[in-house]
Amino acid sequence: MQLWRCLWRRPVELQLDARRRCSSVRGEVRVRFAPSPTGFLHLGGLRTALYNYIFAKKYGGSFILRLEDTDQSRLVPGAAESIEDMLEWAGVPPDESPRRGGPLGPYLQSQRLELYAHAAQQLVDSGRAYYCFCSSQRLDLLRKEALRTGQTPRYDNRCRHLQAGKVQEKRAQAVPHVVRFRLDAGVEPFQDLIFGRSHHEVAEVEGDPVVMKADGFPTYHLANVVDDHYMRISHVLRGSEWLISTSKHLLMYRALGWRPPTFGHLPLLMNKDGTKLSKRQGDIFIQSFQRDGVLPEALLDITTNCGSGFNTNQVGRRIDKLISEFNPSKITTHSALLDLQKLPEFNRIHLRQRIEDEEQCRLLVADLQGRIGRLCTAAEIQDERVLHEDYIRRVLRLRKGHISSLKELLSPAFSYLWVRPSVSSQQVAALTTEAQHIASLVLELMAERDGELAVDSLSQDLKTLAKQARHTKYGDVMRLLRLALSGLQQGPSVAEMMASLGPAEIRHRVRKLSLLSEAG
């Protein structure tokens, strides 16, 4: 198989400062995000993918999505497709992936089993790995005995010492077996891009790890080494929970005669109180944020804002700004504390940016048109003009900076924008006896202001208008107009309501107010 041959890798040179990190990157950059489709994409995974994506784009490289689906018993239906869907929705699409393909695929581990089998056999033939025939019962007894004596469970390396003849005999008898990698003492230190000089003598604390399971599927430790090599990965940026395993992986690279990539372990993303983000929280899955109307750029912004690795730490950054300000030397080892209670504020800022962008605003208008059509029946909608682009765009411009999501505009507090309110003569009479006079004043004002209305000038006009009421105070005049326009007792200013609805709709609702006054 051609993929078995060692693929040429352009060298990637790293300039390290005296302490730990890279100040420049040279050569072909290829990074990967390699989740397991045993669940759906969550915030922690998105953050890892984001840093890899930013790193790749900062240095003109490629971002690869590889799905590690070797644990077949735990695969979740639909998770593989959803992971790629969510990356694309979030604005961090892979350059190579199971869906997009690429020159160094396939990108599903279950389709690369021959590569792992070949690497495992190479390790066995060189004496760096061996067949292990220990039964699950024996391994369970070892674990229980270690726990009983207060020790960390570990394999005792028993099969490492089997004679060659015994191994041949058991294999001839088709005794179930796995392949274990021989951990040797004397691991060389390595320079992590974030944590600096790292060194873990894994042979002193662990038994020899399984690299090939009895079902012919590899474990993570072998598969990620093999894939990173053949996919020419230059930098491995992953969570700091893998830092302790890196020495083990470097031993495998050395045993296979391969040059390892450069490693950088990202500090964990945690809750604001320092507790670990958990999938059991339920609300940390990216699909949940998408469903709740969170903008992808707001999610990327808050995820990076609480961490490190950028020259500045401003709120409101989009992906292009994140890329331009990214500086790997500024990534710290401290955990990033995420306060999701701030997410609505991040969403408000990014929604405002979208409204101010001509093309993005057009997409928001189309989105809102669809939502209104699904929420309201044709009979409920006050006038088909509320679905026109100009009307919805005007509403968005007036509400920008005040709303955190489009869903708010579909709440009862803003139903007056789409559906004419129901108002009774009793409600009107409770506020004033001169509703008809006030209605006539508003109609006169609208006759003078037949174009697009401005909130500031309307505010002044309404103050002048209220002074012309004989027995009604300014506050009650505003309450009356708010009732007539929206059927509500609170909400945006009356001037903003009028600017949103426009002269024609204001006239319609105020005439109804006049009729109610007559009926009363």
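These numbers come from a predicted model, not from an experiment.

Caption draft 1: Looking closely at the overall build of the chain. Secondary structure assignment for the chain yields 19 helices and 13 strands. Taking 520 residues into account, the globule formula puts the C-alpha radius of gyration at 24 Å, and the chain, at 32 Å, lies well above it. The principal-axis extents of the C-alpha atoms in the chain amount to approximately 110 × 50 × 45 Å. For the chain, the proportion of contacts with a sequence separation of at least 24, taken over those separated by at least 6, is 74%. Accessible area of the chain: about 24,400 Å², with a carbon and sulfur share of 49%. For the chain, the distance from the average site of its 72 positive side-chain charges to the average site of its 60 negative ones is 4 Å.

Caption draft 2: Fine view of the pattern of salt bridges. Here the structure, examined in full by the defined rule, presents 39 salt bridges. The shortest N-O distance in the salt bridge between Glu505 and Arg420 comes to 2.8 Å. Linking Glu505 in helix H19 (residues 494–519) with Arg420 in the loop between helix H14 (389–399) and helix H15 (425–429), this pair joins segments that are 85 residues apart in sequence. Note on Glu505: relative accessible area 4%, which makes it buried. Since its relative accessible area comes to 30%, Arg420 is described here as partly exposed. Taken together, the shared-partner salt bridges connect Arg32, Arg66, Glu68, Arg112, Asp227 and Asp228 into one network.

Caption draft 3: A look at the nonpolar core. Core analysis: the largest hydrophobic core is formed by 99 residues, its most contacted members being Leu46, Leu87, Leu396, Leu409, Trp418, Met498 and Ile506. When residues of this core are assigned to their parent elements, the largest contribution, 10 residues, is made by H19. If we ignore the near neighbours within four places in the chain, the residues touching Met498 are Val442, Met446, Leu453, Leu458, Leu462, Leu485 and Ile506. Formed by 38 residues, the second largest nonpolar core is a distinct cluster that contains Leu115, Leu123, Val124 and Val179.

Caption draft 4: Focus on the confidence of the model for the chain. The predicted model of the chain averages 91 in pLDDT, with 93% of residues at 70 or higher. This model gives residues 1–23 a pLDDT under 50, and the stretch forms 69 contacts once residues within four places in sequence are excluded.

Caption draft 5: Seen up close, helix H16 (residues 435–448). Between the first and last C-alpha of H16 there are 20 Å, a value that for 14 residues agrees with the 20 Å anticipated at 1.5 Å per step. Among all positions in H16, only Ala435, His437, Ile438, Ala439, Leu441, Val442, Leu445 and Met446 are buried.

Caption draft 6: Focus on the packing of helix H13 (residues 358–375) against H14. Here H13 crosses H14 at 105°, and the two axes come no closer than 9 Å. Classified by the angle between their axes, H13 and H14 sit roughly perpendicular to one another. Listed contacts from H14 to Glu358, Cys361, Arg362, Leu364, Val365, Leu368, Gln369 and Ile372 of H13 are Glu389, Ile392, Arg393 and Leu396.

Caption draft 7: Inspection of the side chain of Ser514 at higher detail. Mapping Ser514 onto the fold places it in helix H19. Using a relative accessible area of 14% as the deciding quantity, one classes Ser514 as buried. Filtering out sequence-adjacent residues up to four positions away, Ser514 remains in contact with Gln436 and Ala439.

Caption draft 8: The environment of Asn271, seen in detail. Of note, Asn271 is situated in strand E12 (residues 269–271). Classification of Asn271 by relative accessible area gives buried; the value is 16%. For the pair Asn271 and Arg32, spaced 239 residues apart in sequence, the C-alpha to C-alpha distance is 25 Å. At a separation of 3.3 Å, a polar atom in the side chain of Asn271 contacts the main-chain carbonyl oxygen of Lys276.

Caption draft 9: Molecular detail of H14. Within the sequence span of H14, burial applies to Tyr391, Ile392, Arg393, Arg394, Val395, Leu396 and Arg399. Of the residues one or two after H14, Gly401 is the one with positive phi, at around 85°.

Caption draft 10: Structural view of unusual backbone geometry. For the bond from Gly105 to Pro106, the omega torsion is 0°, close enough to zero to count as cis. Tracing the sequence through the fold places Pro106 in the loop between helix H2 (79–90) and helix H3 (113–125). One non-glycine residue, Asn157, adopts positive backbone phi at about 60°. A positive phi is found at Ala174, a non-glycine position, where the angle reads about 60°. Considering the arrangement of structural elements, one finds Ala174 in the loop between helix H5 (164–172) and strand E6 (178–181).

Caption draft 11: Representation of the state of the cysteines. Considering all chains together, one arrives at 0 disulfides under this definition. Just so you know, Cys159 is unpaired, no disulfide at all, and the nearest cysteine sulfur is the one on Cys134, 3.6 Å from it.

Caption draft 12: Layout of the packing of H16 against helix H17 (residues 455–467). Two numbers describe how H16 lies on H17: the axes approach to 11 Å, and their chain directions differ by 145°. Once H16 is placed against H17, the crossing between them reads as right-handed. Facing Ile438, Leu441, Val442, Leu445 and Met446 of H16, the residues of H17 in contact are Leu458, Asp461 and Leu465.

Caption draft 13: Geometry of the packing of aromatic side chains. Following the criterion strictly, the structure yields 11 aromatic pairs and no others. Among the aromatic side chains, those forming a connected cluster through ring pairs are Tyr51, Phe55, Tyr59, Phe310 and Phe326. Cation over ring: Arg317 sits above Phe310, and NZ or CZ is 4.9 Å from the ring centre.

Caption draft 14: View of the sheet that holds strand E9 (residues 210–212). With antiparallel pairing, 3 strands are arranged side by side in an open sheet as E5-E6-E9. With one partner strand each, in any of the chains shown, strand E5 (129–132) and E9 form the two edges of the open sheet. Within the sheet, the average angular offset between the axes of one strand and its neighbour, ignoring direction, is 45°. Pairing of E6 with E9 involves 2 bridges; the strand directions are antiparallel.

Cut-off values and rules
Along each chain, the written sequence defines residue order, and numbers are assigned to residues from 1. Given that this is a predicted model, residues contribute local features only at a pLDDT of at least 70 and side-chain atom pairs are listed and counted only at 80 or more, while totals for whole chains, interfaces and linings are drawn from all residues. Only heavy atoms go into the side-chain values, all of them from the structure, while hydrogens and water stay out. In this text, helices come from DSSP runs of H or I with a minimum length of four residues, and strands from runs of E with a minimum of two, each type numbered from the N-terminal end. The globule rule used here is 2.2 Å times the number of residues to the 0.38 power, and the radius of gyration it is set against is calculated over C-alpha atoms. Contact definition: two residues touch when any of their heavy atoms are within 4.5 Å. Using a 1.4 Å probe, accessible areas were evaluated by the Shrake-Rupley method; residue-level cover was limited to the displayed protein chains. Counting rule for charge: Lys and Arg are taken as positive, Asp and Glu as negative, and neither His nor the chain ends is counted. Where a charge lies is defined by one atom per residue type, namely NZ (Lys), CZ (Arg), CG (Asp) and CD (Glu). Salt bridges are identified by distance alone: a Lys or Arg side-chain nitrogen within 4 Å of an Asp or Glu carboxyl oxygen. Burial here depends on accessible area, computed with a 1.4 Å probe over protein chains only, as a share of the maximum for the residue type. Under 20% is buried, over 50% is exposed, and the range in between is partly exposed. Remark: nonpolar core denotes a set of buried residues (Ala, Val, Leu, Ile, Met, Phe, Trp, Tyr, Cys) joined through side-chain atoms within 4.5 Å. Per-residue confidence from the prediction method is given by pLDDT, with values spanning 0 to 100. A helix's residues, less one, multiplied by 1.5 Å, set its expected span. Angles shown run from 0 to 180 degrees and are taken between the N-to-C directions of axes, each axis being a line fitted to C-alpha atoms and, for helices, limited to the stretch in contact. Note on terminology: angles under 35 degrees are roughly parallel, angles over 145 are roughly antiparallel, angles of 65 to 115 are roughly perpendicular, and the others are oblique. For this analysis, a polar contact is any N or O atom pair within 3.5 Å, provided that within protein one partner can donate a hydrogen and the other can accept it, and provided that sequence-adjacent residues contribute only side-chain to side-chain pairs. Working definition: a disulfide is two cysteine sulfur atoms within 2.5 Å of each other. Crossing chirality is assigned from the near helix's rotation relative to the far helix, an anticlockwise turn below a right angle marking it left-handed and a clockwise turn marking it right-handed. For Phe, Tyr and Trp, where Trp contributes only its six-membered ring, two rings pair if their centres lie within 6.5 Å, and the inter-plane angle classes them as stacked under 30 degrees, edge-to-face over 60, or tilted in between. Only when the NZ atom of a Lys or the CZ atom of an Arg is both within 6 Å of the ring centre and within 35 degrees of the ring normal do we say a charge sits over the ring. By definition, two strands form a pair when at least two bridges between them are found by DSSP.

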